[in-house]
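Coordinates in review
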Amino acid sequence: MAGLGAEAAALFRATLTHARAEWLESARFKAMWLYQIGWSFLFFVPLALTGTAFGDSGFEASGGGRSFLAYAVTGYVALHVAVAALWRGVEFLGRSNVTGTLAHVWVAEAPRWTALAGATIVNIGFALFQALLVLLIAIALFQGQGFAISLPALAAVLITLVAFFGMGLGFAGLGLVARGARFPSALSALAMVMAGATYPIAILPWSVRWIAYVNPYTYIVDLLRSTTIGTPSLFPIEVEFLVVAAIAFTSVIAGAYAYARCERIAINRGLVGLHA
């Protein structure tokens, strides 16, 4: 038992070391912090204008709750944080390979996934900072609905991050093999459209609504929204927790396997450290 604890502590230290390196690389630019604030404001303005233009009349009847603004803000914030967990591994491996540092990271005396975990932690931190700014703007400037921070909401966020980090492992490995592929932009855009980020999926015709029901983003967003602003959930909240937990477990197992397999393929093909 003591040996298992020591190993877990070593993995934790290795992950924090990689996170510190990523933080020092990213946070040293003052313009980056100005970008965080500007992005948050510009991100929120279109949602506020849309809510002002169309109002909330009839929105609650479609399953969206009393406020379109609260619904849309929560949906986009949830997806933004989830995408931060999903795609940072792809970006980290691609950047490290181009700059020629990936091979050096991989020879460190720590599992290679700790580098991805460290980079992802920092990226999630930036996404959460932006999310907090958006929520504060929604509450303070535009009289947005209050957003409850409860234990179920925190549990939903934690499970969400685990789920998308697991998916991110698989996509990170795939990015090593299929270099230059534009997975993040294409899949993220499709997922955001079909997850009900700014509209209840109940308004979709059945010919396309089935896509939303097989989209993991849908349950992530719905669970986070239900536990923060109290909108009606697609399924009983206990069932949705089980669904998202199952998605998280499956994602980590499948993602780790896919990453390890793609990593071996990339090494055998000589795709690591080509500076291209």
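Residues numbered from 1 in each chain as written. Predicted model: local features only at pLDDT ≥ 70, side-chain atom pairs only at ≥ 80, totals over all residues. Heavy atoms only, no water.

**Overview of the overall build of the protein chain**
Scanning the protein chain for helices and strands turns up 10 helices and 0 strands. Along the protein chain, helices and strands appear, N-terminal first, in the series α-α-α-α-α-α-α-α-α-α. For the protein chain, buried positions account for 44% of its 276 residues. Of all intrachain contacts in the protein chain linking residues separated by at least 6 positions in sequence, the fraction that spans at least 24 positions is 77%. Working note: accessible area of the protein chain is about 14200 Å², and carbon and sulfur atoms make up 71% of it. (Helix = DSSP H or I, 4+ residues; strand = E, 2+ residues; numbered from the N terminus. Buried < 20%, exposed > 50% of the residue type's maximum accessible area, 1.4 Å probe, protein only. Contact = heavy atoms within 4.5 Å. Areas by Shrake-Rupley, 256 points an atom, 1.4 Å probe, with all protein chains shown as cover.)

**Some remarks on the packing of aromatic side chains**
Taken as a whole and judged by the stated rule, the model has 3 aromatic pairs. Aromatic pair Trp 23 and Phe 126: ring centres 5.8 Å apart, planes at 20 degrees, arrangement stacked. One end of the pair, Trp 23, is in helix α1 (residues 2-26); the other, Phe 126, is in helix α5 (residues 113-140), with 103 residues separating them in the sequence. Relative accessible area serves as the criterion here: at 40%, Trp 23 is assigned to the partly exposed category. By relative accessible area, which is 10% here, Phe 126 ends up buried. Geometrically, the ring pair formed by Tyr 219 and Phe 235 is stacked, given 6.2 Å between the ring centres and 20 degrees between the ring planes. Here Phe 235 lies in the loop between α9 (216-228) and α10 (237-268) and Tyr 219 lies in helix α9, a separation of 16 residues in the sequence. Relative accessible area serves as the criterion here: at 10%, Tyr 219 is assigned to the buried category. The partly exposed category is assigned to Phe 235, whose relative accessible area is 34%. (Phe/Tyr/Trp six-rings, centres within 6.5 Å; stacked < 30°, edge-to-face > 60°.)

**Some remarks on the layout of surface pockets**
Of the volumes computed, that of the largest pocket is approximately 520 Å³. Sorting the residues of the lining of the largest pocket by element identifies α1, α2 (30-54), α3 (68-99), α5 and α7 (183-193) as the ones contributing at least two each. Ranked by residues supplied to the lining of the largest pocket, first place goes to α3 with 8 residues. Broken down by class, the residue content of the lining of the largest pocket amounts to 15 nonpolar, 5 polar and 4 charged. (1 Å grid on protein atoms, 1.4 Å probe; cavity = no way out; pocket = protein on both sides within 12 Å on 5 of 7 lines; lining within 4 Å. Points joined across faces, edges and corners; volume = space filled by probe spheres on them. Nonpolar A, V, L, I, M, F, W, Y, C, P; charged D, E, K, R; others polar.)

**Digging into empty space enclosed by the protein**
Using the criterion set out here, one finds 1 cavity of 30 Å³ or more in the structure. Estimated volume of the largest cavity: approximately 40 Å³. Lining the largest cavity we find Ala 85, Leu 86, Gly 89, Leu 116, Thr 120, Phe 165, Gly 168, Leu 169 and Ala 172. Counting only elements with at least two residues in the lining of the largest cavity, the list comes to α3, α5 and α6 (151-177). The element contributing the most residues to the lining of the largest cavity is α6, with 4 residues. Along the lines of polarity and charge, the residues of the lining of the largest cavity split into 6 nonpolar, 3 polar and no charged.

**Considering the side chain of Arg 225**
Turning to its location among the elements, Arg 225 is positioned in helix α9. No salt bridge is formed by the buried Arg 225, whose closest oppositely charged neighbour, Asp 222, lies at an N-O distance of 5.1 Å. Among all residues touching Arg 225, those that are not within four sequence positions of it are Tyr 71, Thr 74, Gly 75, Gly 196, Ala 197, Gly 230 and Thr 231. (Lys, Arg positive; Asp, Glu negative; His and termini not counted. Salt bridge = Lys/Arg side-chain N within 4 Å of Asp/Glu carboxyl O.)

**Description of a nonpolar patch on the surface**
On the surface, a cluster of nonpolar side chains totalling about 470 Å² of accessible area is made up of Leu 158, Val 162, Phe 249, Val 252 and Ile 253. Secondary-structure elements contributing two or more residues to the nonpolar patch are α6 and α10. The element contributing the most residues to the nonpolar patch is α10, with 3 residues. Inspection of the secondary structure puts Val 162 in helix α6. (Patch = residues over 30% accessible without salt bridge, like charges linked within 9 Å, V, L, I, M, F, W, Y side chains within 5 Å.)

**Observations regarding the packing of α6 against α10**
It is at 7 Å that the axes of α6 and α10 come closest, and there the two elements cross at 20 degrees. When the axes of α6 and α10 are compared, the pair comes out roughly parallel. The chirality of how α6 crosses α10 is left-handed. Classifying every residue of the contact of α6 with α10 by side-chain character gives 24 nonpolar, 5 polar and 1 charged. (Axes fitted to C-alpha atoms, helices over the stretch in contact; angles between N-to-C directions. Parallel < 35°, antiparallel > 145°, perpendicular 65-115°, else oblique. Left-handed = near helix turned anticlockwise from the far one by under 90°.)

**Quick look at the confidence of the model for the protein chain**
Summary statistics for the protein chain give a mean pLDDT of 76 and a share of 83% for residues scoring 70 or more. Taken element by element, the protein chain is modelled with least confidence in α7, mean pLDDT 63, and with most confidence in α10, mean pLDDT 86. (pLDDT = per-residue confidence, 0-100.)

**Observations concerning the packing of α3 against α9**
Relative to each other, α3 and α9 sit at 130 degrees, their axes nearing to 9 Å. When the axes of α3 and α9 are compared, the pair comes out oblique. Note that α3 runs across α9; the crossing there is right-handed. Where α3 abuts α9, its residues Tyr 71, Thr 74, Gly 75, Ala 78, Leu 79, Val 83, Leu 86 and Trp 87 lie against Tyr 217, Val 221, Leu 224, Arg 225 and Thr 228.

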